[in-house]
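Coordinate inspection notes
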Amino acid sequence: MNPVLDEMFYKVPRANFLPTEHTVDTGLDVPVPIGFGQTNSQPSTVYQMLEWLDVREGQTVLDVGSGSGWTTALLANLAGPHGRVVAVEKIPQLVRFGRENVERLGITNATFHKAKKGLVGWEDQAPYERILVSASANTLPSQLVKQLGRGGRMVIPVRNTILVIDKDAAGDVDRFEYPGFVFVPLVS
């Protein structure tokens, strides 16, 4: 167990990020529908991805596929008041839902954006020290690798495997694979 993540999961309860009709599912360790064919990811998977991502206080983080805003809120708390989170979502209704959920908790270091057609991520504020992707890509998006700063880390599902991508100071990339996961597809 990770005491920092344990505190964040307590401080940012999942129930605040689910549609009313699904708040009864809060305690279940399963993905929960949030509409538009998207889900609020399984808590144990989110926990593991955040552990691999290893967000530090003051970092700039990109949250791709922000959905209901739960991961954005967790990341904003991990980055602390001197860090910032840029949340990107393709579905306009979920951009609004996520933003409202995060604002209701008084979180001020996160911004939400509707993804630009044909682009993955949010190049306008790159590079990022950390990138979290919460939907499965078919291949590792080169656009996101470019947006990852030197010394940065990205955690991204590609098909049924979670990749941990580290970019060193020279810009070279290492990749670690953790198979056996299932995600909704990354909307393009």
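For the structure itself, look to the data block above.
Source: prediction; values computed, not measured. (Residues numbered from 1 in each chain as written. Predicted model: local features only at pLDDT ≥ 70, side-chain atom pairs only at ≥ 80, totals over all residues. Heavy atoms only, no water.)

1. Comments concerning the side chain of Ser134
Among the secondary structure elements, Ser134 is positioned in the loop between strand 6 (128–133) and helix 5 (142–147). Leave out the neighbours within four places in its chain, and Ser134 touches Ser41, Asp63, Val64, Gly65, Thr71 and Phe183. (Helix = DSSP H or I, 4+ residues; strand = E, 2+ residues; numbered from the N terminus. Contact = heavy atoms within 4.5 Å.)

2. So, helix 4 (residues 92–104)
Helix length check: helix 4, at 13 residues, gives a terminal C-alpha distance of 18 Å against a target of 18 Å (1.5 Å per residue), a fit within 8%. Taken together, the buried positions of helix 4 are occupied by Leu94, Val95, Gly98, Asn101 and Val102. End-on, the buried residues of helix 4 take up no more than an arc of 140 degrees, which puts them together on one face. The exposed residues of helix 4 that point more than 90 degrees off its buried face are Glu103 and Arg104. Contacts from the buried residues of helix 4 go to strand 1 (32–35), strand 2 (38–40), helix 3 (70–79), strand 4 (84–89) and strand 5 (110–114). Positioned one or two residues after helix 4, Gly106 has a phi angle of 80 degrees, which is positive. (Expected span 1.5 Å × (residues − 1). Buried < 20%, exposed > 50% of the residue type's maximum accessible area, 1.4 Å probe, protein only. Arc of directions from axis to C-beta.)

3. A look at the pairing of strand 3 (residues 60–64)
Burial analysis of strand 3 places five of its five residues in the buried class, the great majority of the element. Neither face of strand 3 is exposed, since Thr60, Leu62 and Val64 on one face and Val61 and Asp63 on the opposite face are all buried. Across five bridges, the pairing between strand 3 and strand 4 is parallel. For Val64, the partnering residue across the bridge sits in strand 4 and is Val88. Taken together, strand 3, helix 3 and strand 4 form a β-α-β motif whose crossover is right-handed. Sheet analysis places strand 3 next to strand 6, joined by four bridges and oriented parallel. (Pairing = 2+ DSSP bridges. Right-handed = clockwise from strand over helix to strand, strands pointing away.)

Function cannot be read off these values alone, since they describe shape.
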